[in-house]
Structure formats: C-alpha cells, structure tokens
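Structural characterization, general
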Amino acid sequence: MATRSINVELLLDREVRDPSGRRAGRIEEIRARRDGEEIVVESYHLGPEALLERLAAPVLRLSPFRALGLHRRAHGRRARWDQMDLSDPDKPVLRCSVDELMTLVR
Amino acid sequence: MKKLLEITLGIVTSIGGFLEVGSLATSAQAGAAFGFQLIWAIVLGTVCLIFLVEMSGRLAAVSKQTLAGAMRDRFGYPFFLVPLVAMSVLALLVMASELGGLCLALQLVTGISFPWWAPVGAFAAWLLLWKGTFSVVEKGASLLGLVTIVFVIAAFKLHPDWGRAAHAALPSMPRHEPMRYWFIAVSILGASIAPYLLYFYSAGAVEDKWNESDVPVNRVSATLGMSFGGGLAIAVLIVAALVFVPRGIRIERFDQIALMLTSVMGRWGFFLFAAALGIACFGAMLEIALSVAYLVAQGFGWKWSEDARPRDAARFSLVYTVTLVGGALIVMLGVDPLAITLMSMALTGALLPIAIVPFLILMNDSRYVGKYGNGWISNAVVCAIVGLAFVLAVVSIPLEVMGS
Amino acid sequence: MEIALVRDLLDKQLVDRNGEPLGRVDGIVMSYRADAPPRITHVELGAQTLARRLPGPFRRTVAWLGRRLSPRASEPYRIEADRIVHLGRVVKIDIDGTRSAARETERWVRDHIIARIPGS
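Within each chain, residues carry numbers counting from 1 in the order of the written sequence. The lettering of chains begins at A and the numbering of ligands begins at 1, in the order of writing. Selection of residues for local features in this predicted model requires a pLDDT of at least 70, selection of side-chain atom pairs for listing and counting requires 80 or more, and totals for whole chains, interfaces and linings are taken over all residues.

To continue, consider the overall build of chain B. Scanning chain B from terminus to terminus reveals 18 helices and 0 strands. With the C-alpha coordinates of chain B rotated into their principal frame, the extents come out at 55 × 50 × 45 Å. Between the buried cut of 20 or more and the exposed cut of 12 or fewer other C-beta atoms within 10 Å of a residue's own C-beta lies the partly exposed class, and all C-beta atoms are placed from the backbone. For chain B, buried positions account for 60% of its 404 residues. The long-range share in chain B, meaning contacts at least 24 apart out of those at least 6 apart in sequence, stands at 86%. Elements are defined by DSSP. Helices are runs of H or I of four residues or more, strands are runs of E of two residues or more, and each kind is numbered from the N terminus. By definition, residues are in contact whenever their C-beta atoms, placed on the basis of the backbone, come within 7 Å of each other.

Right under this line is the structure:
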C-alpha cells in the first residue's frame, strides 16, 4: 500500500462525510501519541459545521456570556485513525457511518 | 524597598508614555468645542486602558509569552493575519501622526517648515532604537515625557471650576453639533486605548522576565501610571476649554493648539508646549515602531529583542526601520497632520474589537494565564467600553467624512 | 504521551538546542497509509507553507510576496519529527540553529541589509 505525505494543517476545517454523504463535521483537532521517537496519529476530532458557531465558542465562554448559558451548545465527534479515509486529503471520507463515531461532550 | 522603587519607576514610565499627539489633539479639540463636557470620554478610555495594560502585563508574567506570540499560538496562522495586518496599518497611520506632531514642535521652535523635519525625526528615532537598549528607550523617553506635567500646572493656574469638571466625568448628551461630539468622543477613546501600547508593554514584561510575583506590582503601576496619564489628558482638555472657548476659537489647524499655553504662561508657555509635544511624540514613535516589529517578529517566531544588536535580530530590526521610513513618507506626502491624527484615533476605535477580542479570550484561557484569569468585572468593563467605541466609530466616522 | 497536534504543536514557537528561536511550526507533515496509523514525520516552516494555509486569492498574493522576500523560498524547510526534544510552552528541537537552513532568511537579511548599515 502506497504511503503519501499529507500536510496536517491543510486538513483542518475540511468537511468530513460518511460513505452515504451525511455530514460528520469539520476536522478541528488531531490527537496523537508519542511513542519514543515516533509520533503516531490516534484520532481526528470533528467539530460543529457552522463556522460562526466555532468562532463564537471561545467568545461565548467569556464570563459575561456564560451567565446566559450560551456556552454549552458545542458538540463534537471523534473518528479513530482507521475510521478516516484520507486517500483524497481535500475530501476526507469516513469509512463507517456517522452514527458509529464516538460523541464528545465539551 | 526595591519593590517600591520598581513601582515608582513603573508609574513614572507609564505617565510619560501616555500623553502623545493623539491624546493632546483630541483633548484639545474636545475642550475647545465642548468645554468640559467630554471629560467622561477620557475617564472611560483611561479606565479601559488600565484594565488592558494590567492584563497585558499579567499575560506576559504568567504565560511568559507576549500578546502577539500568544495570539499566533492560540488562534493559529490564518486568523493571526487579521490583527497583524489591521494593527500594523493602523500603527503606521498613528506613527505618521506622531511624527507630524514632532515635526510641528520643531517647526514651532525653529520656524523651519515641518515636512523637512520628517526624515530628521524619523532618523533620530531610528538611531535610538538601533543603538539603544530597551531600558534606555523605555525609561529615557518616559522620564523626559514628564515635561507634559506643564499642562497640569497650566490647568491649576487657570482656576477651573473643579466641581463642574468632576460633574463632566459622567457622560452627557451634546447640546450642539452632535455628530462632531460623538466623533471627538470616539477619537478620545481611540487615543486612550491604543493597541500598540499592549504589544509594547507585554513584550517589555517578557524581556524583563516577569513572573507571577510581579502580578501585584503590575496591577499597582498600571493603575496609577495610566491614571496619572489620564489626568494629563484631562488637564489638556481643561486648559483648552478655558483658553479657547471664551475666545470663540475652533481648532482647525495644529498650530492653533500651540497657543494653549502662551496665554497662561507667556513666552515660556510656547516653548514648553513645543517641548512637551516633541518629547511625547518622540517617545510614542519609538513605542509604535517597536510594537509593529514585535507583532511581526513574534507572530512569525523570529528573534526579537531590543537589547540585542541589530545584526542579532536582523528581521526584527528591519521591521522597525521600515515602519519609521513608512511614517516619514506619509508625513512628507504633506498630509494634514491634524486630520490624520483625528482620523487614525477614530479608526482605532473602530478596529479595537479586532485587537481586544482575541486578547480577552487569552485572558480567560487557563492554558495561558493559569489561575490568574480575568474576573467577570474585567471582562465586562472591557467588553462594554470597546463595544461602545466600536458603535460610536461605525456611526460617526462616515458622517464626519461626509461632512468635511 | 498524548499530543493534540493543533493545540500543542501547530503554530508553536520552535527553539533550538541553545534556546534560540528557529521560527514557528507553520506546517506538520504526516505519512499516511490506509492500513496503519499515520505517523508524523516532519514539522515544516516557510512562506510557502504559510501561503498554502490561506484561501485562494490570498494564497497567491502571499506566495508571491514570500518568493520576493525570501531568497530560497522555493522549498519549505522541514525538520524531522524525531528531533523534537520537548513539547511545552515552546517546542525544543535538537538542532544547532546557527547554521540551520531555518535561519537562512534571517542570515540573508543580516548579511545583505543590516550589516551594511553602520552600528549594527
């Protein structure tokens, strides 16, 4: 199987869909593990799709807004490395359905 | 004892750095046009600045990162370009204003027309940055800046109605020319809340290797220093009000402001005004050039250090050089210095959210400020005042531009 | 040790063995295979890397600027991931930066511009 070089920073914000075309979210963070000298990718965190929602999240966490309870709406999903198909880095696709992804609570 | 000395020095350097052409021009305009009425704008601007300066020191002390560096660190590269470009362009305009002020001061004293002074002034500032260290720059310019106390002396000599002045610390609606009133109000806010000060202050704190134990001292020196600075601006406003209003003088040109002190102090007043203006502007030029260099160098991870020789921080030195040259070019184009000063102050008000929102997020992120995060008061006060400045700017700038 | 690549590595300040700044992590290169976990192989620096992170029209302008301002900006500069010594407030790299290619632009500016001005 061929290996390819992918620039991780270009994956950010890319919309991820599952094989049936349903939206899973946008790649927000990539978790890895350091094993001795190797850094190995473990999972991809997919975040809310709306750009405004993502930009607003840290702002809403500020104390004047926290009182209004606006900060709790953020949600996300985690895709393990083997659940993500990056053969076309511009169009990441899940190898499973959206429902099989673990949900993350912020 | 050492702490006391540190606090005093901190306060003194804060005062000296506060009054520059923006505060001077906007306060003088406010006094001449509306008497004491706009004192509340100076109060609000100063209060907001106190919070912001204290925050920038605290960020540096706890995270050991500068504001610019922390912004790139936390928000990443494409986002960082927005404050980088906006604040750099703004700083260039403010730099041109300050250089214009310096040139005017030199013109007043020598009679030589002011665009000729632009390359001279810019070169002098550049030389000081090239050969000097951070301490020399910061403390030297600020100690000399104490000459601005002459405005406080003048204010007292005019025996103002202090009760009326205190009353004006509360916001009030304009009784005439509302658009001009709000435009000057937002210019005052923009002159007080200068973002370049924050980049400069946090870089200094990191270069001086502050840590958590410096947080309380920083709180005191930021509060007292910026308060005294605000007091200076109020003094300028009071003097302008008492000198220009009775004579029915509207400030249309920069050199009219120079008359402020002559009626109170005679010939001495004239020279003292020129000295105060020149020194204050010179100090501001140094801070602005360094702030842009800090923004760029820290944002891209280059070596940045005012203490280092230029060859050891090559790109950093290049950036402040280019900034000074850029400011000089703008002044030599012959742009009206008063107009560019007022407009850049108002524009600052409009662009404040770009600088302040990321800053506030950092100040509430425990990964950067640990246990020293902002309380809700800090967040609320800054949000409110910056929000006000933004709204005023968006409303009044277009109308002012259309009106003139 | 768990790492979040965006939070802990991307855009962080890089310092060399001597604590001197090397630049910032402008990009991270991973080696992708379908049947094994991807491995991070390099961190990447440079104007080209930064330009590619921008949307369309900006990318072209920044890339053009980068080529004009950096003499050797055709290739991004890569540092092998196994040279990363420590990830914390800054990322420590086991390199002596004085001769490293990461500092090439800095050296160029120093030699061609700064050094020509007296008193530097």
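All names here are of chain B. To estimate the expected span of a helix, subtract one from its residue number and multiply by 1.5 Å. Compared with an ideal rise of 1.5 Å per residue, which puts 25 residues at 36 Å, helix H3 (residues 39-63) spans 36 Å between its outermost C-alpha atoms and is within 8% of the ideal. Along H3, 23 of the 25 residues are buried, which leaves the element largely enclosed by surrounding structure. Remark: Lys-64 follows H3 within two positions and exhibits a positive phi of approximately 60°.

The subject of this paragraph is the pairing of strand E4 (residues 27-33) of chain C. Residue and element names in this part refer to chain C. Of all the 7 residues making up E4, 5 are buried; the element is thus mostly covered by neighbouring parts of the structure. Note that E4 and strand E5 (residues 36-45) share 6 bridges and pair antiparallel. Note on E5: the bridge partner recorded for Gly-27 is Glu-44. DSSP-based pairing: two strands are paired if at least 2 bridges between them are found.

Next up on the list: the interface of chain A and chain C. It is common to give the size of an interface as the accessible area that goes away when the parts come together. Each partner contributes residues to the interface: chain A has 25 residues there, and chain C has 26 residues. Among the elements that line the side of chain A that touches chain C, the one with the most residues is strand E3 (residues 23-35) of chain A, at 6 residues. When strand E1 (residues 4-7) of chain A meets E4(C), the two strands line up antiparallel, connected through 4 bridges. The partner of A:Arg4 across the bridge, within E4(C), is C:Tyr32.

As a further point, take the pairing of E5(C). As defined by bridge partners, strand E4 (residues 38-47) of chain A adjoins E5(C) across 2 bridges and the pair is classed as antiparallel. Residue A:Val40 lies in a different strand from E5(C), and its bridge partner there is C:Arg39. As judged from the 4 bridges shared by E5(C) and strand E6 (residues 77-80) of chain C, these two strands associate in the antiparallel manner. Residue C:Glu44 lies in a different strand from E6(C), and its bridge partner there is C:Arg78.

Here the focus is the nonpolar core. Think of a nonpolar core as buried Ala, Val, Leu, Ile, Met, Phe, Trp, Tyr and Cys residues, each tied to the set through C-beta atoms within 7 Å. Core analysis: the biggest nonpolar cluster contains 169 residues, and B:Leu237, B:Val239, B:Met285, B:Ala289 and B:Ala293 have the highest contact counts within it. Residue contributions to this core peak at 22 residues, all from helix H14 (residues 262-300) of chain B. Every residue in contact with B:Ala289, bar those within four places of it in the chain, is listed here: B:Met95, B:Ala125, B:Leu129, B:Tyr320, B:Thr323 and B:Leu324. Grouped together as the second largest cluster of nonpolar side chains are 41 residues, A:Leu46, C:Ile79, C:Ile95 and C:Ala102 included.

The next subject is the packing of helix H15 (residues 314-332) of chain B against helix H4 (residues 104-112) of chain C. Packed helix pairs are characterised by how far apart their axes lie and by the angle those axes make with each other. Packing of H15(B) against H4(C) leaves a shortest axis separation of 8 Å and a crossing angle of 60°. Relative to H4(C), H15(B) is oriented oblique. Residues B:Ala314, B:Arg315 and B:Leu318 of H15(B) touch H4(C), and the partners they reach there are C:Glu106, C:Val109 and C:Arg110. The class makeup of the residues in the contact of H15(B) with H4(C) is 3 nonpolar, no polar and 3 charged. All axes here are fitted lines through C-alpha atoms, helices being fitted over the stretch that makes contact, and every angle between N-to-C directions spans 0 to 180 degrees. These descriptions rest on fixed angle ranges, namely under 35 degrees for roughly parallel, over 145 for roughly antiparallel, 65 to 115 for roughly perpendicular, and the rest for oblique. Residues were grouped as follows: Ala, Val, Leu, Ile, Met, Phe, Trp, Tyr, Cys and Pro as nonpolar; Asp, Glu, Lys and Arg as charged; and all remaining residues, including Gly, as polar.

Another point: unusual backbone geometry. For A:Asp13, which is not glycine, the phi dihedral falls at a positive 80°. Along the polypeptide, A:Asp13 turns up in the loop between E1 and strand E2 (15-17). The class for A:Asp13 is partly exposed, based on 15 C-beta atoms found within 10 Å. In this structure, B:Lys209 is a non-glycine residue whose phi angle is positive, near 55°. With respect to the secondary-structure elements, B:Lys209 resides in the loop between helix H11 (195-207) and helix H12 (215-244). Given 10 C-beta atoms within 10 Å, B:Lys209 falls into the exposed group.

Moving on, we come to helix H5 (residues 77-110) of chain B. Between its first and last C-alpha, H5(B) extends 48 Å over 34 residues, near the 50 Å set by a 1.5 Å rise per residue. Immediately beyond the C-terminal end of H5(B), within one or two residues, lies B:Gly111, with a positive phi of roughly 80°.

Moving on to the confidence of the model for chain B. Confidence scores here are pLDDT values: one per residue, from the predictor, ranging 0 to 100. For chain B, mean pLDDT is 90; residues scoring 70 or higher make up 96% of the total. Quick note on the complex model: pTM equals 0.91, ipTM equals 0.91.

All right, on to the sheet that holds strand E2 (residues 13-15) of chain C then. All names here are of chain C. Taken in spatial order, the 4 strands line up as E3-E2-E8-E7 in an open sheet, and their pairing is mixed. The open sheet has two edge strands, strand E3 (21-24) and strand E7 (84-87), and neither has a second partner. Adjacent strand axes in the sheet meet at a mean angle of 25°, parallel and antiparallel pairs treated alike. Across 3 bridges, E7 lies against strand E8 (residues 91-93) in antiparallel orientation. Across the sheet, residue His-86 finds its bridge partner in E8, namely Lys-92.

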